[in-house]
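Chains, contacts and geometry: an overview
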Amino acid sequence: GIAQVAAATGHAVVLVDQTDDILKKSRKSIEDSKRMTKKMFADKPEAASQFIEKTLTNVTTSTDPAAVVHSTDLVVEAIVEKLDVKNELFKRLDKFAPEHTIFASNTSSLPITDDFSKALKNPVSCMDTPGFIVNRLLVPYLMEGVRLHERGHASKEDIDVAMKLGAGYPMGPFELLDYVGLDTSKFIIDGWHQLEPENPLFAPSELLNKLVAEKKLGKKTGEGFYKYK
């Protein structure tokens, strides 16, 4: 999504991921994108197709970030929510990137200043706090939904229905956790728990840990709290 927006506005983008197969799927996702062009070209399907084609011409791919960062103005990481993994990536790229390169993170749960600054020669000099406003409210809510189920107070189905009908949410907590990815949710809560081990809002969940250990990560693997065809 980040690569697509940048490419659509005329920027040369190198999309980096772990395998060529993932990168092919990413390009296919951009090629099949309808939501971005639906409003822009509501009555002009040909123009929509041309827009997507032009966007794709601005996107190249690679599985080696160090090899493509030498002439980059901006690096945006959007990898797994594990601080040590992100720091290792930044340390590696900082050795090859030009002095003017800006390193940015797509993290919505980790503190930028206190932790990412250790990986860079010229870190940002502002204060920060872990998690955006939405995530600081959302993740504890999701985890409390899981704990409510773990305590046997309600089924996951009942909890989801209650929040959709009672609060008007488009998804219940278990549906949303499956959509986000149980591994991502676990990494976030684990990171926050490490920062504030006494905070009950950030307490880990045995059920969530069990599902992640079993590789039941949600919709992307076909099973999480629910099963998907």
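Here is what the cut-offs are and how they apply
- Residues numbered from 1 in each chain as written.
- Predicted model: local features only at pLDDT ≥ 70, side-chain atom pairs only at ≥ 80, totals over all residues.
- Heavy atoms only, no water.
- Helix = DSSP H or I, 4+ residues; strand = E, 2+ residues; numbered from the N terminus.
- Buried < 20%, exposed > 50% of the residue type's maximum accessible area, 1.4 Å probe, protein only.
- UniProt positions renumbered as here; feature names shortened; annotations may be inferred.
- 1 Å grid on protein atoms, 1.4 Å probe; cavity = no way out; pocket = protein on both sides within 12 Å on 5 of 7 lines; lining within 4 Å.
- Domains from an automatic or database assignment.
- Axes fitted to C-alpha atoms, helices over the stretch in contact; angles between N-to-C directions.
- Parallel < 35°, antiparallel > 145°, perpendicular 65-115°, else oblique.
- Contact = heavy atoms within 4.5 Å.
- Patch = residues over 30% accessible without salt bridge, like charges linked within 9 Å, V, L, I, M, F, W, Y side chains within 5 Å.
- Areas by Shrake-Rupley, 256 points an atom, 1.4 Å probe, with all protein chains shown as cover.
- Salt bridge = Lys/Arg side-chain N within 4 Å of Asp/Glu carboxyl O.
- Left-handed = near helix turned anticlockwise from the far one by under 90°.
- Nonpolar A, V, L, I, M, F, W, Y, C, P; charged D, E, K, R; others polar.
- Points joined across faces, edges and corners; volume = space filled by probe spheres on them.

Per an unreviewed UniProt entry, the recorded name for the protein is 3-hydroxyacyl-CoA dehydrogenase, and the organism is Hymenochirus curtipes.

Even without being glycine, Lys 215 reaches a positive phi, approximately 65 degrees. Mapped onto the elements, Lys 215 comes out in the segment after α12 (206-213). Taking relative accessible area as the criterion, Lys 215 reaches 63% and is therefore assigned exposed.

Turning our eyes to something else, we now look at the UniProt feature "binding site: CoA" (unreviewed entry) in the protein. Mapped onto this structure's residue numbering, the UniProt feature "binding site: CoA" (unreviewed entry) falls at Ser 33, Lys 39 and Ser 108. Across 76 residues of sequence, these annotated residues are also dispersed in space, with a maximum C-alpha separation of 27.9 Å. Considered against the second largest pocket, the annotated residues that line it turn out to be Ser 108. Looking at the element boundaries, Ser 33 is found in the loop between α2 (20-31) and α3 (35-38). Of the residues examined, Ser 33 reaches a relative accessible area of 14% and is grouped as buried. Mapping Ser 108 onto the fold places it in the loop between β4 (102-105) and α7 (112-116).

With respect to the helices, strands and loops of the structure, Gly 1 is situated in the segment before α1 (2-8). When the C-alpha positions of Gly 1 and Ile 30 are compared, they lie 8.1 Å apart, and in sequence the two are 29 residues distant.

It is worth spelling out the domain arrangement of the protein at this point. Quoted interface sizes are often the accessible area lost when the parts come together. Structurally, the protein comprises domain 1 (1-105) and domain 2 (133-221). For domain 1 versus domain 2, the separation of C-alpha centres amounts to 29 Å.

With their axes 6 Å apart at the nearest point, helix α10 (residues 173-180) and helix α11 (residues 182-195) run at an angle of 95 degrees to one another. On the basis of the axis angle, α10 is roughly perpendicular to α11. Each of Leu 177, Asp 178 and Val 180 in α10 lies in contact with α11, whose residues at this interface are Leu 182, Thr 184 and Ser 185.

Here we take up a nonpolar patch on the surface. A cluster of nonpolar side chains, namely Ile 2, Leu 74, Val 76 and Ile 102, defines an oily patch on the protein surface of about 340 Å² accessible area. Within the secondary structure, Val 76 sits in strand β3 (residues 74-77).

On to the packing of α11 against α12, then. Each pair of packed helices can be summarised by the angle the axes make with each other and by the distance between the axes. In contact at an axis separation of 9 Å, α11 and α12 are set at 130 degrees when each is read in the N-to-C sense. Relative to α12, the element α11 lies oblique. Pair α11 / α12 crosses with left-handed handedness. Counting all contacts with α11, which are made through Leu 182, Asp 183, Ser 185 and Lys 186, the residues of α12 involved are Leu 208, Asn 209, Leu 211 and Val 212. Across the contact of α11 with α12, the residue classes break down as four nonpolar, two polar and two charged.

Bringing the layout of surface pockets into the picture now. The volume enclosed by the largest pocket comes to roughly 1600 Å³. Taken together, 36 residues line the largest pocket, and the ones lying closest to its centre are Ala 3, Val 14, Leu 15, Val 16 and Val 76. At the level of secondary structure, the elements contributing two or more residues to the lining of the largest pocket comprise α1, β1 (13-16), α2, α5 (65-68), β3 and α6 (83-94). Counting residues per element, the lining of the largest pocket draws most heavily on α2, which supplies five residues. Residues of the lining of the largest pocket, tallied by class, amount to 22 nonpolar, 10 polar and four charged. Lining the second largest pocket we find 24 residues, and of these Glu 81, Asn 106, Val 180, Thr 184 and Ile 188 sit closest to its centre. At the level of elements, α8 (133-150), α10 and α11 are the ones that each hand at least two residues to the lining of the second largest pocket. For the lining of the second largest pocket, the class distribution of residues is 14 nonpolar, six polar and four charged. When residues of the lining of the second largest pocket are assigned to domains, at least three map to each of domain 1 (1-105) and domain 2 (133-221).

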